[in-house]
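Each chain is listed here by its residues.
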Amino acid sequence: MDIFGIPIQAFLGQLLLGLVNGSFYAMLSLGLAVIFGLLGIVNFAHGALYMIGAYVAWFALEKFGLNYWAALVLAPLAVGALGIVIERTLLKQLYKLDPLYGLLLTFGLALIAEGIFRDQFGVSGQQYPVPELLQGSTNLGFMVLPNYRAWVVFASLGVCLGTWFLIEKTRLGATLRAGTENPALVQAFGINVPLMVMLTYAGGAALAAIAGVLAAPVIQITPLMGSNLIIVVFAVVVIGGMGSILGSILTGLALGLVEGLTKVFYPEASSIVVFVIMAIVLVIRPAGLFGKEK
């Protein structure tokens, strides 16, 4: 059976691979949306934090023998702590300034991080093994799906939906949103707004680190792995709506699928299809699909 002349096995197989890529897009765009939506910072260092998360997992395995599951806990804590240092020492000076200053600062931090890691580890890349529990594959009939890639999809969806629920449906999330919209009023109720802001940035950084650990067994770990992905992720956030958490999740997954299908029907356009969609969306709806017009 064919679909527009394409064997159904190739069609469905590429669709699943697109869903895996979309899971990474959703995870990374989620962290960006959390930081921008709650703090108003365009965090260009997000790709570098993603890269550092992957390197923490690799370093923990190589030097201390800590396995993948330990890295899933350690990397978000380590990168979240780095996020706290960045927010307390640098970003807190910029909250009352134009968002462009935050973009330039975080872009500079990303370049510094890439330079340091290139100096220490080179550019050839490091391999990270698939954890023993998730090795092997499952025959779906139309394709053989590696078990680890299936885990990436389910883990990403779990983290994304859990974060959305925390921010949009809980009292803590309501307090976070109120603290960023009217900090003086929230401070008057005895809530430590600077602490909330600091933990919000740390949480966004931790989400990038989780994505880095999930990506480590799938791709080579290199200092440039974040910069190669962050432009696409920014396009995802713009299409979904800057600051829209649910929009980033849904758009990330959808664009991963669109990119996968484009590789089947017109491979030459697969590297630009996300940006074409972004241009069309910005013309029709400048605030993004899920963003709010100001």
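Worth saying up front: this structure is predicted, and the values here are computed from it rather than measured.

K.L.:
Any details on the pattern of salt bridges? Residues and values, ideally.
P.N.:
According to the stated counting rule, one finds one salt bridge in the structure shown. The closest approach of N and O atoms between Glu-87 and Arg-88, which form a salt bridge, is 2.7 Å. In this structure Glu-87 comes out as buried when scored by relative accessible area, which is 0%. With a relative accessible area of 28%, Arg-88 lands in the partly exposed category.

K.L.:
Quick one: what's the story with helix 2 (residues 46-64), residue by residue and with numbers?
P.N.:
Compared with the 27 Å implied by 1.5 Å per residue over 19 residues, the 26 Å span of helix 2 between its first and last C-alpha is a close match. Where burial is concerned, most of helix 2 is hidden: 14 out of the 19 residues are buried. Gly-65, located one to two residues past helix 2, shows a positive phi value of around 70°.

K.L.:
Quick rundown of the packing of aromatic side chains? Include the residues and the values.
P.N.:
Two aromatic rings are characterised by how far apart their centres lie and by the angle between their planes. For the structure on display, the rule yields 12 aromatic pairs. Pairing Tyr-55 with Phe-121 gives two aromatic rings, centres 4.8 Å apart and planes at 25°, and the pair type is stacked. Residue Tyr-55 is found in helix 2, and its partner Phe-121 is found in helix 4 (residues 99-121); the two are separated by 66 residues along the sequence. Phe-121 sits in the partly exposed class, given a relative accessible area of 24%.

K.L.:
Lay out the side chain of Ser-248 in plain terms, naming residues and giving numbers.
P.N.:
With respect to the helices and strands, Ser-248 occurs in helix 10 (residues 245-265). The buried category is assigned to Ser-248, whose relative accessible area is 0%. Of the polar contacts made by the side chain of Ser-248, one reaches the backbone oxygen of Ser-244; its length is 3.0 Å. Among all residues touching Ser-248, those that are not within four sequence positions of it are Ala-26, Ser-29, Leu-30, Ala-33, Val-236 and Val-237.

Rules and cut-offs
Residues numbered from 1 in each chain as written. Predicted model: local features only at pLDDT ≥ 70, side-chain atom pairs only at ≥ 80, totals over all residues. Heavy atoms only, no water. Salt bridge = Lys/Arg side-chain N within 4 Å of Asp/Glu carboxyl O. Buried < 20%, exposed > 50% of the residue type's maximum accessible area, 1.4 Å probe, protein only. Helix = DSSP H or I, 4+ residues; strand = E, 2+ residues; numbered from the N terminus. Expected span 1.5 Å × (residues − 1). Phe/Tyr/Trp six-rings, centres within 6.5 Å; stacked < 30°, edge-to-face > 60°. Polar contact = N/O pair within 3.5 Å; in protein donor to acceptor, adjacent residues only side chain to side chain. Contact = heavy atoms within 4.5 Å.

That's the geometry; what it means functionally is another story.
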